Amino acid sequence: MNIGIIGAGNIGATAAALFIKVGHKVTISNSRGPDTLRELVANLGPDAHAASPEEAARSGDIVMEAIPFGRYASLPAADIAGKILISASNYYPQRDGQIDLGGLTQSEFIAQHVPGARLVKAFNTIYWVELRDQPDPTRPLEQRRVIFIAGDDAEAKDTVSDLITAIGFAPLDIGSLRESHRQEPGSPIYNRTLTIAEARALL
Ligand SMILES: NC(=O)c1ccc[n+]([C@@H]2O[C@H](COP(=O)([O-])OP(=O)(O)OC[C@H]3O[C@@H](n4cnc5c(N)ncnc54)[C@H](OP(=O)(O)O)[C@@H]3O)[C@@H](O)[C@H]2O)c1
């Protein structure tokens, strides 16, 4: 697959390396333009390309957004429409400013601004250093660290689950976008190293 990544920081760049390692190509982008990503792309190797967010979205069989939540309005909605969108961002008012979510979960809020996206909330509960260091595809699923997913599109969740499994984590579906508050900052499972069994006990 080609995976388009919007946001080339801690999470975007770390995920890019993991996706490449299992045979995918990535097109990665940031807000300042592809020229600022030369060093990152050189380090990621020949399966990585830098582009604009719009190009990254268009080129992706799957798109991942890993930008500060407060920048949600800049996501290239028209280019993402119809595609699976992995949403890794978290809302932190201290960083992102006051945003009225209108009673929506964070993933529902993003989905509202990217109409037509097949949104799967994932990769938002794991610290980037642990995302880099903890994958282990050689372990059985029940011994791996969990990565939580939520979404309203079962097929999209299956695809993202397969990706999570391939890179060496254990996907755990916690439900719909409405239910995705269960994996937001402050929830009992947030930023914890857990197996599937440990996570189920906490949920
Ligand atoms: N850090 C973690 O361990 C972690 C874990 C899980 C989830 N998250 C969430 O994931 C998101 C990213 O976190 P991070 O730590 O990776 O942040 P980061 O290191 O600060 O990187 C943010 C990236 O997003 C890019 N960006 C900012 N605004 C953009 C826009 N409008 N369009 C395209 N790209 C844009 C930045 O590019 P420029 O520098 O060019 O602006 C940068 O490459 C946040 O919402 C965070 O809460 C973080």
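Predicted, not measured: the structure shown is a model, and the values here were computed from it.

**Concerning helix α6 (residues 106-113)**
At step 1: Every buried residue belonging to α6 is among Gln106, Ser107, Glu108, Phe109 and Ile110, and all of these are buried.
At step 2: On its buried face, α6 sits against β4 (62-65), β5 (84-87) and β6 (118-122).

**Section: the layout of surface pockets**
At step 1: A volume near 420 Å³ is recorded for the largest pocket.
At step 2: Considering the residues around the largest pocket, the lining is formed by 19 residues, among which Asn10, Ile11, Ala88, Asn90 and Arg95 are closest to the centre.
At step 3: Among the residues making up the lining of the largest pocket, the classes are represented as 11 nonpolar, seven polar and one charged.
At step 4: Computed from the structure, the second largest pocket encloses a volume of approximately 240 Å³.
At step 5: Residue lining of the second largest pocket: 14 residues in total, with Asn30, Ser31, Ile67, Pro68 and Arg71 positioned closest to the centre.

**With respect to the site of the ligand**
At step 1: Near the ligand, the surroundings consist of 25 residues, among which Ser31, Arg32, Ile67, Ser74 and Trp128 are the closest.
At step 2: A distance of 2.7 Å separates an oxygen atom of the ligand from a polar atom in the side chain of arginine 32.
At step 3: For the ligand, a nitrogen atom lies 2.7 Å from a polar atom in the side chain of serine 74.
At step 4: A total of 890 Å² of accessible area belongs to the ligand in isolation, and the protein chains cover 82% of it.
At step 5: Because more than half of its atoms lie within 2 Å of the grid, the ligand is assigned to the largest pocket.
At step 6: Of the residues assigned to the shell around the ligand, the class counts are 13 nonpolar, nine polar and three charged.

**Here's the deal with the pattern of salt bridges**
At step 1: Per the stated rule, a full pass over the model turns up 11 salt bridges.
At step 2: Across the pair arginine 118 and glutamate 155 runs a salt bridge whose closest N-O atoms are separated by 2.9 Å. Of the two residues, arginine 118 is situated in strand β6 and glutamate 155 in helix α8 (residues 154-167); the sequence distance between them amounts to 37 residues.
At step 3: Taken together, the shared-partner salt bridges in this structure form one network comprising Arg118, Asp153 and Glu155.

**Here's the deal with the packing of aromatic side chains**
Centre distance and the angle of the planes are the two values used to describe a pair of aromatic rings.
At step 1: Taken as a whole and assessed by the stated rule, the structure comprises six aromatic pairs.
At step 2: With a centroid separation of 5.3 Å and an interplanar angle of 35°, the aromatic rings of phenylalanine 69 and tyrosine 91 are classed as tilted. Placement of the pair is phenylalanine 69 in the loop between β4 and α4 (77-80) and tyrosine 91 in the loop between β5 and α5 (93-96), with a sequence separation of 22 residues.
At step 3: Of the residues examined, tyrosine 91 reaches a relative accessible area of 10% and is grouped as buried.
At step 4: A centroid spacing of 5.8 Å and a plane angle of 25° characterise the contact between phenylalanine 69 and phenylalanine 109, whose relative ring orientation is stacked. Of this pair, phenylalanine 69 sits in the loop between β4 and α4 while phenylalanine 109 sits in helix α6, and the two are 40 residues apart along the sequence. By the burial criterion, phenylalanine 69 is buried, and phenylalanine 109 matches it.

The rules behind these values
Residues numbered from 1 in each chain as written. Predicted model: local features only at pLDDT ≥ 70, side-chain atom pairs only at ≥ 80, totals over all residues. Heavy atoms only, no water. Buried < 20%, exposed > 50% of the residue type's maximum accessible area, 1.4 Å probe, protein only. Helix = DSSP H or I, 4+ residues; strand = E, 2+ residues; numbered from the N terminus. Contact = heavy atoms within 4.5 Å. 1 Å grid on protein atoms, 1.4 Å probe; cavity = no way out; pocket = protein on both sides within 12 Å on 5 of 7 lines; lining within 4 Å. Points joined across faces, edges and corners; volume = space filled by probe spheres on them. Nonpolar A, V, L, I, M, F, W, Y, C, P; charged D, E, K, R; others polar. Near = heavy atom within 4 Å. Polar contact = N/O pair within 3.5 Å; in protein donor to acceptor, adjacent residues only side chain to side chain. Areas by Shrake-Rupley, 256 points an atom, 1.4 Å probe, with all protein chains shown as cover. Sits in = over half its atoms within 2 Å of the grid points. Salt bridge = Lys/Arg side-chain N within 4 Å of Asp/Glu carboxyl O. Phe/Tyr/Trp six-rings, centres within 6.5 Å; stacked < 30°, edge-to-face > 60°.

Such coordinate-based values are descriptive only and should not be taken to indicate function.
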